[in-house]
Amino acid sequence: QVLPVESGGDLVQTGGSLRLSCSAFGSIVYINDMAWYRQAPGKQREFVASITNNGITDYVDSVKGRFTIAKDDEENMLYLQMNTLNPDDTGVYYCNRRPYMDALWGQGTQVTVSS
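Heads up: these notes are all about the structure in this document. (Residues numbered from 1 in each chain as written. Predicted model: local features only at pLDDT ≥ 70, side-chain atom pairs only at ≥ 80, totals over all residues. Heavy atoms only, no water.)

Some thoughts on the pattern of salt bridges
Here the idea is simple: oppositely charged side chains can pair when their charged atoms come close. This structure, assessed with the given rule, holds 6 salt bridges. The partner of R38 in a salt bridge is E46, and the shortest N-O contact between them spans 2.7 Å. In this structure, D58 and R98 form a salt bridge, with 3.0 Å as the shortest nitrogen-oxygen distance. Of this pair, D58 sits in strand β6 (residues 57-59) while R98 is found in the loop between β9 (91-97) and β10 (109-114), placing the two residues 40 residues apart along the sequence. For R98, a relative accessible area of 34% corresponds to the partly exposed category. (Salt bridge = Lys/Arg side-chain N within 4 Å of Asp/Glu carboxyl O. Helix = DSSP H or I, 4+ residues; strand = E, 2+ residues; numbered from the N terminus. Buried < 20%, exposed > 50% of the residue type's maximum accessible area, 1.4 Å probe, protein only.)

Shown next, in the form of structure tokens:
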């Protein structure tokens, strides 16, 4: 099974921005509802944002107005634009289907927001 590959994570200061990318395989982005999840140190993985196969988006309340999820069906890519970052956004970010499939967890990409 080919796993999604997340990238774009970095160390940024509070108030900064990052754009995460997820390279998926096959036509997974086109067919499925896709999502970003994150796992903060010592916490369970949580839902962050999702986009349906026809473009309807959903966000966890803590990121509404700051994060934007997008996809490119032709390139089979998923993106997460993150603005006005704060330390609570620190964690490893993953892309997966929504609902997620255990077999599709990749390595994730580390986002660290310093205060």
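Details of the nonpolar core
In this structure, W36, F67, L80, M82 and Y93 are the most contacted members of the largest nonpolar core, which totals 21 residues. Those elements that place two or more of their residues in this core are β3 (18-23), β4 (34-39), β5 (46-51), β7 (67-72), β8 (77-82), β9 and β10. Core analysis: the second largest hydrophobic core is formed by 6 residues, A35, V92, Y94 and W105 among them. (Core = buried A, V, L, I, M, F, W, Y, C linked by side-chain atoms within 4.5 Å.)

Function cannot be inferred from these measures alone, as they are strictly geometric.
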